[in-house]
Amino acid sequence: MPDAMMPAAGVALVRLPNWLGDTVMALPVLHGLRAARPGVCVVAVGRWASLLAGQGVADAVVPYPLEWPSRRRLAVSLRAMRPDAAVLLTNSFESALAARLWGARMRLGYDTDLRRVLLTHAVPLPSPRLHQIDEYRGLLEGAGVAAPVTVPVWRLGEDAAAGAAISALLDECGVSRGTRAVGLHLGASFGSSKQWPAASFAEVASRLREHGLGPILLGSPADVEMAAVVSASAGWAIPSLVARDRPALLPRLLAGLACLISSDTGLAHLAAAVGTPTVTLFGPTDPSRTAPRSRAARRVARIVQGRAPCAPCFLPRCPIDHVCMRDITAASVSEIVDEVLTA
């Protein structure tokens with residue numbers, strides 16, 4: 001497609017992905033759009049859009065509501081902006097229909113989910129599939145706009161209030177100042193198939209403590225029960241911030257960790273983007289498509305992949321016995337953390 005297809009001025013709406021990790025992986029394409037089209041007013045729309053405030057990738061960030069009546073009201077507001085383009089980083093029919101309702105004259109997206117009729121510029125989906133970051137970049141490049149950055153980088157601005165709030169949380173959960181803290185993220189929003197067993201989290205927490213590190217459990221309110229099981233299995237009260245942090249604090253909290261251990265979740269991508277070493281556990285999903293990318297050789301993003309004849313299956317719930325995740329041992333994860341922290 002010729003370069004002129006993406007306007008050099010006006011308003012461009014960018015429909016962000018629905019998941020935190022995918023939103024982080026969209027940073028390179030947003031930076032590419034900003035650099036290539038400085039005269040365009042970029043409006044980022046998505047469930048995690050507000051977290052991008054201050055990243056320098058959009059002139060406005062707009063949360064995308066879950067309820068249809070609220071989406072209709074949002075459509076009216078966005079249509080009033082007379083958008084010149086809508087870039088759809090989601091592959092759903094619904095997002096293409098929304099872009100049509102927003103009144104965007106150019107509607108750019110991958111040719112998926114029977115939505116070609118709603119798009120003015122349908123780009124063929126890569127085959128074989130690429131890493132998610134590269135697929136987002138490829139979509140923009142399909143409209144003649146280069147997106148050369150391949151690694152998400154998160155900018156941490158000065159925020160004394162957020163720093164004080166995190167210090168208070170760490171004090172409350174018993175993490176001493178100066179401790180090399182390692183986050184253990186228990187959650188798996190995609191589904192339970194990604195979740196590492198509680199006994200494995202418990203064992204790795206104990207191994208980390210033996211090595212002079214400070215494990216901290218992380219997770220959402222949905223992970224409170226899991227956190228209790230992990231501590232019970234370990235036989236000691238592991239410091240926990242489960243259900244106690246909030247999205248606005250996450251980047252700074254993760255930046256303060258020595259390392260993060262998690263399954264293939266959004267926190268792994270956010271941690272890598274702020275420069276924190278990550279050890280990401282893969283079972284039902286494919287690291288070639290969604291492994292976190294790190295910006296510096298010494299601040300690495302490492303993966304551990306469980307073996308199973310059925311992996312990767314991409315199922316949210318395992319129909320058998322989580323063979324792939326159970327194949328990942330606490331000893332191997334602890335070893336990799338040691339390697340990362342001594343590199």
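See the structure shown above.
Anyway, here's the lowdown on the structure attached to this text.

So, how was this worked out
Residues numbered from 1 in each chain as written. Predicted model: local features only at pLDDT ≥ 70, side-chain atom pairs only at ≥ 80, totals over all residues. Heavy atoms only, no water. Core = buried A, V, L, I, M, F, W, Y, C linked by side-chain atoms within 4.5 Å. Buried < 20%, exposed > 50% of the residue type's maximum accessible area, 1.4 Å probe, protein only. Helix = DSSP H or I, 4+ residues; strand = E, 2+ residues; numbered from the N terminus. Contact = heavy atoms within 4.5 Å. Right-handed = clockwise from strand over helix to strand, strands pointing away. Axes fitted to C-alpha atoms, helices over the stretch in contact; angles between N-to-C directions. Parallel < 35°, antiparallel > 145°, perpendicular 65-115°, else oblique. Left-handed = near helix turned anticlockwise from the far one by under 90°. Pairing = 2+ DSSP bridges.

**Regarding the nonpolar core**
Grouped together as the largest cluster of nonpolar side chains are 54 residues, with contacts concentrated most on Met6, Leu89, Trp154, Leu218 and Leu254. Among the elements that line this core, the one with the most residues is helix 10 (residues 266-274), at five residues. The contacts of Leu254, once residues within four sequence positions are left out, are Leu218, Leu260, Leu267, Leu270, Ala271, Val274 and Thr276. Counting residues in each nonpolar core, the second largest holds 35 residues, with Leu186, Met226, Ala258 and Leu341 among its members.

**Comments concerning the pairing of strand 10 (residues 278-282)**
Within strand 10, five of the five residues are buried, which leaves the element mostly enclosed by the surrounding structure. The side-chain alternation of strand 10 yields two buried faces, one formed by Thr278, Thr280 and Phe282 and the other by Val279 and Leu281. In this fold, strand 9 (residues 259-263) hands off to helix 10, which returns the chain to strand 10; that crossover is right-handed.

**Some details on the packing of helix 7 (residues 198-210) against helix 8 (residues 224-234)**
One can describe the packing of helix 7 onto helix 8 by two numbers: an axis separation of 8 Å at closest approach and a directional angle of 55 degrees. The orientation of helix 7 with respect to helix 8, classified from their angle, is oblique. Classified by chirality, the crossing of helix 8 by helix 7 is right-handed. Contacts between helix 7 and helix 8 involve Ala198, Ala199, Phe201, Ala202 and Ser206 from the former and Met226, Val229, Val230, Ser233 and Ala234 from the latter.

**What to know about the sheet that holds strand 2 (residues 40-46)**
Pairing within the open sheet is parallel, and its six strands lie in the order 3-2-1-4-5-6. Edge positions in the sheet fall to strand 3 (60-63) and strand 6 (121-123), since each of these pairs with one other strand and no more. Ignoring strand direction, the axes of neighbouring strands in this sheet form an average angle of 20 degrees. Judged from the four bridges that link them, strand 1 (residues 10-15) and strand 4 (residues 85-88) form a sheet pairing that is parallel. Directly across from Arg15, in strand 4, lies its bridge partner Leu88. Running at roughly 170 degrees to strand 4, helix 4 (residues 93-101) makes contact with strand 1, strand 4 and strand 5 (106-110) of the sheet.

From the geometry alone we can't say anything about function, so treat these as descriptive.
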